[in-house]
Amino acid sequence: MLSSAVDHLSMRRLRSRLLYEFRRIPTPLLIIGVIVVLSPFAVIHYATKAHQDSQSGVNYLPLNDPGSSGNGGRPRALISGVGDWLKESVWELSPVLRPPQIYAEGEARRVVCPAAERNRGRVDYDLANLTHTLTDLQTDGDFGIWDDKMEKNYQDKMKNDSLSKDQLLVYIVPFSHADPGWLNTVEEYFDTSIKHALNNMLQFLQEHKDMSFIWVETSYFKIWWQMLGDKDKAATRQLLKEGRLEIVNGGYVMPDEATCHYYAILHQYVFGHQWLWENLGVVPTHGFSIDPFGHSSSMPYFLKNLDFQTMFIQRIHYNLRAHLAQNGASEFVWEQPWDDTGNSSAMFTHLAPHHLYTIKNICGLTRSASCYMFDFKDSGFEIDKTQLKQQATALLDQMRKTGSIYPHNVVLYILGDDFRWAEKTEWINQYRNYKLLINEINGNPANKARVQFGTLKDYYAAVASRLDTTWTTPPSSVPRVQGDFFPYADKFEDYWTGYFTSRPFYKQMSRELERDLRTAEIMYSLVRLSTHSANRNTSLFAEDLIGLNRAAIGLGLFQHHDAITGTSKRYVAMDYGEKLQNGLLMAHAVILKNVFRLAQVASRTPVHAANIILENYRQSAVSLPVKSPIRFGATDKERRIFIFNSLSRSRKVTIHLFVETQNVQLTDSNGKTIPYQVSPALNDLDTSGDFFDIVRISFSLTLDPLALKAITIRSLGKRSEKVRIAERSGSVIRSTHPLKGKIPGFTIKSMGTDNLINVVTPHFSAHFSPETGLLEAVTLKDGRQRTVTQEFKRYETQSSGAYLFIPNGIADIHPYPRTVRVIEGPLFTEVQSIGSKNILHVTRIYNTTADHGRIMEMETITELTSLPNSEIVLRISSDVRSNMTFYTDSNGFQMIRRSVSHDVPMAANFYPATTMAYLQDDSVRLTLHLTQAHAVGSLKSGDMDVMIDRNLMQDDARGVGEALQDMRVVKTLMSLQIESEGFILNAPYSNPTDVSSKLNLHLNHPPYITFEQANSTISAFEYTPVDKPLPCDVHMLMMKPITYRMEDRRLGFMFHRLGMNCADNRTDEDICTAGKDGIVLDGLFKDVRFATYNETGLNFVQPKREVLASEPVRVETMRITAVTAEMPITKKSVARSDVG
């Protein structure tokens, strides 16, 4: 068995070496040779291959892939031990490598924690199964949905008088789509357009009582509101009260729905809705999402639980729009597949029947409709009376056809475009001419039609009346839809899947701000709870609230669908980066201040001052995060390190710090020494693979929920000194190529390419190529070997742009071979792959039984300036029989099943993923954990492609007018997990396992580390505020001040009960089973007693029920529960007057 497995591995590597040597042959000679040798066998080969593929179920997309990047074919011995100092060696002789063990057909795993039942109700349209069946890709979405068949059906109904007997109702809804940045910055748009549009709105609606207007973005409205005097503010409130001005959506922005994480989506809704409620006394009830490039299935759940009644969506695949419209499903109830109640999270959804919201599209459904004829923006005159009847008849015909696709015969006619209504003449011309058309249509009883200006509220009220329903329970007569609307295509084969990855530098920066703002708000809340008293001087916290407010602005603004997507002008993207950087600085200031306050509360010694700095920070808006090294003075030999766990669940972690010397001692609050591993500090700011002139120390800790732990680090000597330290373990460094210089204190050993790199942990063994430093195989704990390989590939293109992904072919990234280094020690082993100046890849594996020992951490640093028109992917290939199916997360909230189709272009098989993607068969699940949004595809069974970065030389003609060339050095953080137990292949609804959910939270919420720059009187301590931990399947998504006003004493909590799959074949002791236990807010925190709490929507606005704090907060599986509570007086005061 061993020999056959080794032979198999050797043959696979021999094939890779042959391919590598082949690529060195001059191209013309290679082409001639291939033609001469292979042409006689071409027909036989392809016929045989087609037969084999049809039998095995393996299919390949028609793009040239030259295969693996030469790994060499020589048999290898495995590296053995690393030295006596390593008590538990991470290098071992290879165990017996067995072929994959497949469970017997039909063998099922008993479910022990049923997390979410599948919705058993009627589903008319499952988008996961429908999207790839509409394969006629020869249409331009601008042509509209009205085809010959629809025209014939319409004419037949006209002849038979079988159209709706209800009067045609049409609501003309003026709007302006106001991007908070795109071709210009937020400030430029406001000065040139927005303030004029809103000023004109206020004046015109007061003068014309039958005119109406809707507005979406709170960000712009807030800036405009601050310019108004009291009289204009009162007039605006009156228009809102009358219903002629309506705020719809009302988030800080109209967020992207593919690349945003659900925390950021909900945070910007809280921020926007709270401002609207505080200043205008309104809260939106209707969604209006007209410009995101595809729509997420998580959004209907979010909006439903923001207490919305309906939602409006626009951009979906042109074939899907036509299919739904032609089958009477342009309005539908959008359900969650896991909601077994059918209605508790279902949302009535209006799908715009037009391709776009622009003037040229909105007047009708037919190709012959000349919508520009009904745009009177620049018309300096009224419609000629001789043409009025003809134009009114033409418009009414289009309106009637639009009404015919709905069962209620009510038409929503949105009137606007990007940055419209900024000129007074547009208000006059549009109103005057539409009034002529309205009067002409309404004045003829034979038309059986009534047209008027209105708002979304007016339209949906009429629809509800016609359908005899309320929006609390969606109408049963409307079709039911499940799934999401990705990927989006606007015409032909143009799929908008490039923006899932575009400008990854800023995508990662946004997630950092999200993490840091969440940490800052939690720490602020903990301090307020631990130091609150009736007579407390709360003005000490004013600066915190200012900082949190500014950080919220930076985060909220970047969720805009032209910001986080990477689809703005280059200089606008840089402006977004500056705003993100400012938000980070504000969040950091709050964190540092509250670390000090908590230290004052928890330290055993009095504390009056301390100089605390961040361990990790960005020096500018264009730089990667850097780690601050810990340095000591000549007489100042001690520092306190503060480590905060922002999760509501305890965890074991390994901490990495940069220190000026390896001669240190670590002690905890009880004086117990902490063992640590010392290794060279890799320069992770570029792709050079050089080392910093400092060292990295690594150690393991256990962190309690929401706990702040302070430990002591003490210098025992300079780096040049030899000091024996019992708790210190060194690292052995092996390299295939000599290093540029010596690394003081470390010995570098030569590593040949005949030895397969084999890293063994308590959970698995990983096998790496010494030529590439990339993964080749994994041996599971039970001895079964699985093929899992890593390769970096380059999609070549001449057509892709910021929005679109249009690959021409795929190739390797040269040159090979690479320099491969292995750093090995008792806590972890690291395999570093350093090649060209384009990519540096590090895989880190922990030698621990804790959760993070189950994964391979991966850091990839890329710089693509020298690779024009390239789109870089990390391809993970495996022997997982995934049956052309894989799963990606939806905004980090839930998982979505994806099917691969060879009947559509390659780009159509890429989907957005923000935190996780996995594929599986009946014996193994392979999960990739992500820390930012990526495009993820699976082009054949067992494979996943993860788009890392893009460098493009052309614009893709979708409006931005620039190539995507502003290259940055990008660091991508991911983790790879392989599970052979704990998941269910045929679960009613697929979810991560409990272990996978924990690991994903750990990756996206790492411990927050700060330390003293100079020694102070702070002692080592453990601040553990949680009295009773939350249930293991509940994630505390938010704990924050509801508003950033000093007089507001309310805190808001969001609890998310995670969906999990688990089965009875688990061998772990720490198994988290999904439950229904609630959260008792009273007693959750030590010495804090809440009296009551209010159940609210996800915006914390309107209380639904006041509840005694002793009654558990109910959180159902997959769902998010939001509650608010007044900050109470502590049962036992621990405040000191000098805190602040």
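The structure this text deals with has already been given above.
Now for a quick tour of the structure. Here the structure is a predicted model, which is why all the values come from computation and not from measurement. (Residues numbered from 1 in each chain as written. Predicted model: local features only at pLDDT ≥ 70, side-chain atom pairs only at ≥ 80, totals over all residues. Heavy atoms only, no water.)

### Thoughts on empty space enclosed by the protein
Empty pockets left among the atoms are what a rolling probe the size of a water molecule brings to light.
For step 1, the next point in the chain: For the structure shown, the criterion picks out twelve cavities of 30 Å³ or more.
For step 2, the next point in the chain: Taken together, 50 residues form the lining of the largest cavity, with Arg515, Glu859, Leu973, Leu1003 and Pro1006 sitting closest to its centre.
For step 3, the next point in the chain: Among the residues making up the lining of the largest cavity, the classes are represented as 23 nonpolar, eleven polar and 16 charged.
For step 4, the next point in the chain: Among the elements that take part in the lining of the second largest cavity, helix α18 (residues 994-1004) stands out by supplying four residues, more than any other.
For step 5, the next point in the chain: Counted by class, the lining of the second largest cavity contains nine nonpolar, twelve polar and one charged residues. (1 Å grid on protein atoms, 1.4 Å probe; cavity = no way out; pocket = protein on both sides within 12 Å on 5 of 7 lines; lining within 4 Å. Points joined across faces, edges and corners; volume = space filled by probe spheres on them. Nonpolar A, V, L, I, M, F, W, Y, C, P; charged D, E, K, R; others polar. Helix = DSSP H or I, 4+ residues; strand = E, 2+ residues; numbered from the N terminus.)

### Describing the packing of helix α7 (residues 218-225) against helix α9 (residues 262-280)
For step 1, the next point in the chain: Orientation of α7 relative to α9, taken along the N-to-C sense of each, is 35 degrees, at an axis distance of 10 Å. Between α7 and α9 lies a crossing of left-handed hand. Mapping the contact onto sequence places Thr218, Phe221, Lys222 and Trp225 in α7 and Phe271, Gly272, Trp275, Leu276, Asn279 and Leu280 in α9.
For step 2, the next point in the chain: Among the residues forming the contact of α7 with α9, the class breakdown is six nonpolar, three polar and one charged. (Axes fitted to C-alpha atoms, helices over the stretch in contact; angles between N-to-C directions. Left-handed = near helix turned anticlockwise from the far one by under 90°. Contact = heavy atoms within 4.5 Å.)

### Notes on the state of the cysteines
For step 1, the next point in the chain: Here the structure, examined in full by the defined rule, presents one disulfide.
For step 2, the next point in the chain: Covalently, cysteine 363 is tied to cysteine 371 through a disulfide, its sulfur atoms 2.1 Å apart. In this structure, the disulfide formed by cysteine 363 and cysteine 371 twists by about -85 degrees around the S-S bond and is classed as left-handed. Here cysteine 363 and cysteine 371 have matching classes, each one buried. (Disulfide = S-S within 2.5 Å. Buried < 20%, exposed > 50% of the residue type's maximum accessible area, 1.4 Å probe, protein only.)

### Digging into the pairing of strand β46 (residues 1034-1041)
For step 1, the next point in the chain: The element β46 is extensively covered by neighbouring structure, given that eight of its eight residues are classed as buried.
For step 2, the next point in the chain: Sheet topology note: the β46/strand β47 (residues 1050-1057) ladder contains seven bridges and is antiparallel. When the bridges of β47 are listed, methionine 1036 appears paired with phenylalanine 1055. (Pairing = 2+ DSSP bridges.)

### Side note on the pattern of salt bridges
Between side chains of opposite charge, a pair can form as their charged atoms come close.
For step 1, the next point in the chain: Within the structure shown, the criterion is met by 60 salt bridges.
For step 2, the next point in the chain: Taking the shortest distance from any N to any O, the salt bridge between glutamate 660 and arginine 631 comes out at 3.9 Å. Taken together, the residues glutamate 660 in the loop between β18 (651-659) and β19 (664-667) and arginine 631 in the loop between β16 (625-627) and β17 (638-644) connect sequence positions 29 residues apart.
For step 3, the next point in the chain: Residue glutamate 660 is classed as partly exposed on the basis of its relative accessible area of 25%.
For step 4, the next point in the chain: What emerges from the salt-bridge pattern is a single network uniting Glu278, Arg1045, Glu1047, Asp1048 and Arg1050. (Salt bridge = Lys/Arg side-chain N within 4 Å of Asp/Glu carboxyl O.)

### A few points about the side chain of arginine 784
For step 1, the next point in the chain: In this structure, arginine 784 sits in the loop between β28 (775-780) and β29 (785-796).
For step 2, the next point in the chain: A distance of 2.7 Å separates the side chain of arginine 784 from the side chain of aspartate 782, its partner in a polar contact. (Polar contact = N/O pair within 3.5 Å; in protein donor to acceptor, adjacent residues only side chain to side chain.)

### A closer look at the side chain of histidine 295
For step 1, the next point in the chain: Within the fold, histidine 295 resides in the loop between α9 and α10 (299-305).
For step 2, the next point in the chain: Of the residues examined, histidine 295 reaches a relative accessible area of 0% and is grouped as buried.
For step 3, the next point in the chain: For histidine 295, the side chain forms a polar contact with the side chain of glutamate 257, separated by 3.2 Å.
For step 4, the next point in the chain: Those residues within four positions of histidine 295 in sequence are excluded, and the remaining contacts are Glu257, Ser289, Ile313, Gln314, Arg315, Ile316, Trp334, Asp484, Phe485 and Phe486.

### Points about the sheet that holds strand β6 (residues 310-313)
For step 1, the next point in the chain: Strand order in this open sheet of five strands is β2-β11-β7-β8-β6, and the pairing throughout is mixed. Each edge of the open sheet is held by one strand with a lone partner, namely β2 (125-126) and β6.
For step 2, the next point in the chain: Sheet topology note: the β6/strand β8 (residues 347-351) ladder contains four bridges and is parallel. Counterpart to isoleucine 313 in the pairing with β8 is leucine 351.
For step 3, the next point in the chain: Where helix α14 (residues 456-467) meets the sheet, it contacts β6, β7 (331-335) and β8, and its direction lies at approximately 115 degrees from that of β8.

### Comments concerning helix α6 (residues 186-207)
For step 1, the next point in the chain: The first and last C-alpha atoms of α6 sit 29 Å apart over 22 residues, in line with the 32 Å expected at 1.5 Å per residue.
For step 2, the next point in the chain: By the largest-angle criterion, threonine 192 marks the main kink of α6, which is about 40 degrees.
For step 3, the next point in the chain: When α6 is considered as a whole, its buried residues turn out to be Val186, Tyr189, Phe190, Ser193, Ile194, Ala197, Leu198, Asn200, Met201, Leu202, Phe204 and Leu205.
For step 4, the next point in the chain: Next to the buried residues of α6 lie β4 (213-215), α7, α8 (230-242), β5 (245-247), α13 (424-442) and α16 (542-558). (Expected span 1.5 Å × (residues − 1). Bend = angle between axes of the 7 residues up to and from the residue.)

### Focus on unusual backbone geometry
For step 1, the next point in the chain: Residue proline 487 is bonded to the preceding phenylalanine 486 through a cis peptide linkage, with omega at -5 degrees.
For step 2, the next point in the chain: For proline 487, the location among the structural elements is in the loop between β11 (480-482) and β12 (489-491).
For step 3, the next point in the chain: Phi is positive for aspartate 468, close to 55 degrees, though the residue is something other than glycine.
For step 4, the next point in the chain: A positive phi angle is found at methionine 1118, which is not glycine, with a value near 80 degrees.
For step 5, the next point in the chain: Looking at the element boundaries, methionine 1118 is found in the loop between β49 (1105-1108) and β50 (1120-1126).
For step 6, the next point in the chain: Residue class for methionine 1118 comes out buried when judged on its relative accessible area of 1%.

### Considering the sheet that holds strand β37 (residues 894-899)
For step 1, the next point in the chain: Pairing is mixed across the open sheet formed by eleven strands, whose spatial order is β25-β24-β31-β32-β33-β34-β43-β40-β39-β36-β37. Of all strands in the sheet, those with a lone pairing partner are β25 (748-750) and β37, marking the two edges. Ignoring strand direction, the axes of neighbouring strands in this sheet form an average angle of 20 degrees.
For step 2, the next point in the chain: In terms of strand pairing, strand β24 (residues 732-735) meets strand β31 (residues 819-824) through four bridges, oriented antiparallel. In the strand pairing of β31, valine 732 is matched with glutamate 824.
For step 3, the next point in the chain: The strands that α18 touches are β34 (855-862), β39 (916-920), β40 (925-930) and β43 (970-979); relative to β40, the one it contacts most, it runs at about 20 degrees.

All we've got here are geometric facts, nothing functional implied.
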